[in-house]
Amino acid sequence: MYLYLLVIIPLCFLVKFLSKTSLLHIIKKWLRLLEDKCYVYQFYKVPQFNHNMQENQLYRKISTYLNSLPCVEDSDFTNLLSGNKPSDINLVLDTNQKIADDFLGARIFWINEKDENGLKSFVLKIRRTDKRRSLRPYLQHIHSKFDEVEQRRKEVRLFVNINGEFNGNRQWISVPFTHPATFDTVVMEQDVKNKVKADLETFLKSKQHYNRIGRIWKRNYLLYGPSGTGKSTFISAIANFLSYDVYNIDLSKVTDSSDLKLLLLQSTSKSLIVMEDLDMYLCNNSTAVSFSAILNFMDGIFSCCGEERVMICTMNSKDQIDPTVLRAGRIDHHIHFPLCDFNAFKSLASSHLGLKDHKLFPQVEENFQSGSVLSPAEISEIMISNRSSPSRALKLVISTQQSNRKLVPSRTSDKIEIIHSNTEADLAPKYPLWLSKSRSVRPVEESGESDKCTQGLMKSKSVRPMVESVESARFGKESVNELRKFYGLIRIKSSRKKSLDFDASEK
């Protein structure tokens, strides 16, 4: 009896000592190696990209599945990464690490490999005796678990293209897409928003229809308008509405046409392909990609490499763009984003300041009608900076409106508010001969005399009265210069008249 105790007690202390050191881990590792020698294993490799350099969706699903397993913590080396929320920490398996998973009584090993070219792959290791019984159900299990994880995360990501030499053949890097824009927060005509939403909802349900008529299941939109009118915000609202990943293509980083095709091949289905400021690249030839390559990217044979995609191009203006870019089929919908008007201003005031009405609204509306030109971004920034004082914000908007009307002639006593874009043609022909031969012209000064000259201009029979028009924003600099020159000529006439009166009084 005592002899047994003398043997058991030292063994317990020995096991306890080994459990606190690496000796026990080494012993377990040797036992696993011995066990591996006793069985025959089958290996399966899952590369990150296929032979066409398209992303292997199975690799993405396996990566998501393995990183969700508790056994990742037991690997020798694991990466700790922050999640979508500041308090979230994600465990990600490092390269050349091995973990084990159990399924239906079979033990399955995964190895995360990376070759000398930087290409990653997962290697599945399973006993041949378990292969027929467990392999296919196990892969189906991975698919179902991936769907559950993706549904739980609901994370939209933003991809940007990089130089392929930076990270092997990889063309994209991604970050979480956290833009809060929705269709409810976008400031634009409600009718346009409803039409776009209805078109997208129909698109999501139209896979069978597109297959039946023999067309690729995709949709192309063109957003055009001046800077600061909300094109990028509208793209973010579409991404959040569809829950699609966003692939933002920077054409300045694309080296050639093959590189552009590779970008499309490595994008996924259910995604938003975005090319911003496309008119700059098409008109200025500021990219290494040819014009035909961009057309083929938008609507060529390579556009069929994925389905359920929405492609969006943005431009500041489409007036100088080749019609082949804008033709039906290549662009399905053209959406114009104009500068701010009074209706858009009221929407901004309601969302940013909580104002439905204010005593300064009539003055803001009057400034818009008299030719004030502001973008929604400018007004939005004023309201955000002064959200604690709505009245101050509105006064600053009015002040900005008035400063942006400096190219439009000032009001006269006859209430000249808006000058039509064809004023130059209206005023062109009939100056007196002595005026046309004059060589010195002085600029018009803002004084009471200039107002009188303007009144004389309006009352003159040789000049037709100026017509008010809602197109005052189109009034060009040439028309303004002609008006200033004409005011200067009339100013010379009045000056000469004064000099004659002065000489007569001296005599």
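From a predicted model like this one, the values you see are computed outputs, not experimental measurements.

Topic: the environment of L69
Mapping L69 onto the fold places it in the loop between α3 (57–67) and β2 (78–82). Separated by 32 residues in the primary sequence, L69 and D101 have C-alpha atoms spaced 8.4 Å apart.

Points about the sheet that holds strand β7 (residues 157–161)
One open sheet holds the seven strands; their spatial order is β8-β7-β10-β11-β12-β9-β13, and the pairing between them is mixed. Two strands bound the open sheet, and with one partner strand each, they are β8 (172–176) and β13 (333–336). Within the sheet, the average angular offset between the axes of one strand and its neighbour, ignoring direction, is 20 degrees. Relative to strand β12 (residues 309–315), strand β11 (residues 271–275) runs parallel, the two being bridged by five bridges.

Overview of the pairing of β11
Along β11, five of the five residues are buried, which leaves the element largely enclosed by surrounding structure. Residues of β11 alternate between two faces, with S271, I273 and M275 on one and L272 and V274 on the opposite face, all of them buried. As judged from the four bridges shared by strand β10 (residues 245–248) and β11, these two strands associate in the parallel manner. Counted as the bridge partner of V246 is L272 from β11. Handedness of the β-α-β unit built from β10, helix α8 (residues 257–265) and β11 comes out right-handed.

Examining the nonpolar core
Formed by 29 residues in total, the largest nonpolar core has its most connected members in I249, L251, M298 and M315. Put simply, the parts of the chain that give this core at least two residues each are β9 (218–224), α8, β11, α9 (278–284), α10 (291–299), β12 and α11 (323–326). Here this core gets five residues from one element, more than from any other, and that element is α10. Here M315 is in contact with L222, L223, Y224, G225, K231, L278, D279, L282, I321, V325 and L326, once residues within four sequence places are set aside. Among the nonpolar cores identified, the runner-up in size contains 27 residues, and V156, F203, Y210 and I335 belong to it.

Section: the sheet that holds strand β1 (residues 41–47)
Spatially, four strands are ordered β1-β6-β5-β4 in an open sheet, and the strand pairing comes out antiparallel. The open sheet has two edge strands with one neighbour each: β1 and β4 (97–103). Looking at each pair of strands side by side, their axes are set apart by 25 degrees on average, direction ignored. Bridge count for β4 against strand β5 (residues 106–114) is seven bridges, and the pairing is antiparallel.

Calculation rules
Residues numbered from 1 in each chain as written. Predicted model: local features only at pLDDT ≥ 70, side-chain atom pairs only at ≥ 80, totals over all residues. Heavy atoms only, no water. Helix = DSSP H or I, 4+ residues; strand = E, 2+ residues; numbered from the N terminus. Pairing = 2+ DSSP bridges. Axes fitted to C-alpha atoms, helices over the stretch in contact; angles between N-to-C directions. Buried < 20%, exposed > 50% of the residue type's maximum accessible area, 1.4 Å probe, protein only. Right-handed = clockwise from strand over helix to strand, strands pointing away. Core = buried A, V, L, I, M, F, W, Y, C linked by side-chain atoms within 4.5 Å. Contact = heavy atoms within 4.5 Å.

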